[in-house]
Amino acid sequence: MEYNPSEEIGLRNETQLFMSCSGVLTSNDSVRDLCKYVIRNGDQFHDVVSRYFDITTNALGRDDEKYGTAVKMMIPFLKAFGLTDFAAYSEAKKNLTLIPYADSCLMYLNSLMPTFINTGILEHQAMALCDITGFPSSNISCTKVEFDSEDSDRQECRALRDFANSISTLRVPKTKYTFEEGEILSDEDATIVNRLDEIFLDEIPKMKIYEDFRDVLSIGTREKSYSALEIRRNTSIEFDSTAYIGSSMTDHIAMDLVHDSSGLAISFNGCEYAVRNCNVAVMCNDAIVNTVLVTEFYDKGIESVFEMIDNWDRKGLEEHPCADRNLMNEMLRRFPKKLPNVKRVDRHNVDDIVAESEAYRKKVEECNKRY
């Protein structure tokens, strides 16, 4: 074992935290909110495009580094419908809905350790989050775009609005495609994908507006992992001393870097990709449980987190020599009847936890869309 002089004099290795935003800190889908704001039937438009991105990435194996993310696909449409930077920020601030305890979680953990948000949301929405929570904007990686900086071509904007109206009439594909690539699409889904391929791969790339926004750095799967690697280089904190809280497909590579290094990788109401690349799965709509787990990791390391989870009942948590007893008591107070669902994930139980987490995730998403 490598000699560590800090450990000999009782000093702990420094710890850092990466967090996603949508689904981890916020319950509303901020890009979906913008689509609803400026596009007729914009919620349906958003859901069809998002599902198209999921299918082409998951089932067809397309690389978001080449094809772009769902958010980047929607940017020309938002511009065509007249979205401005001020309106994007104002709507983001008006609609921002934090998951219970998320603001306290964010600021408490940031006071303990270097904390970074890795997210695909637009910069306008990231600014609104920082304004409301007080989190430093310098610690957020997000999708940076300026709607006011480019002039609009009226003919192109008209064509994009027509495309949006056409897309919003399509059915949102419901078929569940698995983690494996190369699946055969159903005939109905293949028809939808082919139609959207015509729009996104053939028609839009011919437009000037495509050139205007082509170089927008959209934070997708690879960008999140690149950001994590760059921050590790800057902080000199290795991934075995890193916690990552993610929930979506775009988190899975970065989560896997942390998981494979024996850091703490938490799937919070995660999709299949997130669960398969984590070592702890949480199914709960309150961020205090993430605060408890990350604080334990910060103070005592991954094995203490696992020991806590192995004794995850009221008596076990009341007796566990946890890092912050006041924080633990607050979590127990917030859940007087049933504790948050928290599980260690390994190759033996991962399939069951995937099913459980996706079912809970779907329930939460449907509830958020209604409200």
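Just so we're clear, the structure is a prediction, and the values are computed from it rather than from any experiment.

Calculation notes
- Residues numbered from 1 in each chain as written.
- Predicted model: local features only at pLDDT ≥ 70, side-chain atom pairs only at ≥ 80, totals over all residues.
- Heavy atoms only, no water.
- Axes fitted to C-alpha atoms, helices over the stretch in contact; angles between N-to-C directions.
- Helix = DSSP H or I, 4+ residues; strand = E, 2+ residues; numbered from the N terminus.
- Left-handed = near helix turned anticlockwise from the far one by under 90°.
- Contact = heavy atoms within 4.5 Å.
- Nonpolar A, V, L, I, M, F, W, Y, C, P; charged D, E, K, R; others polar.
- Disulfide = S-S within 2.5 Å.
- Buried < 20%, exposed > 50% of the residue type's maximum accessible area, 1.4 Å probe, protein only.
- Parallel < 35°, antiparallel > 145°, perpendicular 65-115°, else oblique.
- Core = buried A, V, L, I, M, F, W, Y, C linked by side-chain atoms within 4.5 Å.

Colleague: Pulling in residues and values, what's your account of the packing of helix α2 (residues 30–38) against helix α6 (residues 85–95)?
Modeller: In the contact formed by α2 and α6, the axes pass within 10 Å of each other and the chain directions differ by 115°. The way α2 lies across α6 gives a crossing that is right-handed. Residues Asp 33, Leu 34 and Tyr 37 of α2 form the contact with α6, whose participating residues are Ala 87, Ala 88, Glu 91 and Asn 95. In terms of residue class, the contact of α2 with α6 is made up of four nonpolar, one polar and two charged.

Colleague: Before we move on, could you go through the state of the cysteines and cite the residues and values that matter?
Modeller: For the structure on display, the rule yields zero disulfides. As a non-bridged cysteine, Cys 21 has Cys 130 as the owner of its nearest cysteine sulfur, 9.1 Å distant. With no disulfide of its own, Cys 130 lies closest to Cys 142 among cysteine sulfurs, the gap being 8.2 Å. Residue Cys 130 is classed as buried on the basis of its relative accessible area of 8%.

Colleague: With reference to specific residues and values, describe the packing of helix α9 (residues 154–167) against helix α10 (residues 187–203).
Modeller: Here α9 crosses α10 at 160°, and the two axes come no closer than 11 Å. Taken as axis vectors, α9 and α10 run roughly antiparallel relative to one another. Judged by the twist between their axes, the crossing of α9 over α10 is left-handed. Contacts between α9 and α10 pair Phe 163, Ser 166 and Ile 167 from the former with Arg 195, Leu 196, Ile 199, Phe 200 and Glu 203 from the latter. The residue makeup of the contact of α9 with α10, split by class, is five nonpolar, one polar and two charged.

Colleague: Talk me through unusual backbone geometry; I want residue IDs and the actual numbers.
Modeller: Positive phi, normally seen in glycine, also occurs at Ser 236, with a value near 60°. Its place among the elements puts Ser 236 in the loop between α12 (221–235) and β4 (242–246). Phi at Asn 269 takes a positive value of approximately 50°, unusual for a residue other than glycine. The topology assignment puts Asn 269 in the loop between β5 (264–268) and α14 (272–276). For Asn 269, a relative accessible area of 6% translates into the label buried.

Colleague: Outline the nonpolar core, supporting the account with residue identities and numerical values.
Modeller: With 66 residues, the main nonpolar core has Phe 45, Phe 77, Ile 167, Leu 196 and Phe 200 as its most contacted residues. The element best represented in this core is helix α5 (residues 70–80), accounting for eight residues. Apart from residues lying up to four places away in sequence, Phe 77 is in contact with Ile 39, Phe 45, Leu 160, Phe 163, Ala 164, Ile 167, Ile 199, Phe 200 and Ile 204. If you look at the next biggest cluster of nonpolar residues, it comprises 52 residues, including Leu 264, Val 280, Tyr 298 and Trp 312.

So far we have only geometry, and geometry alone does not tell us how the molecule works.
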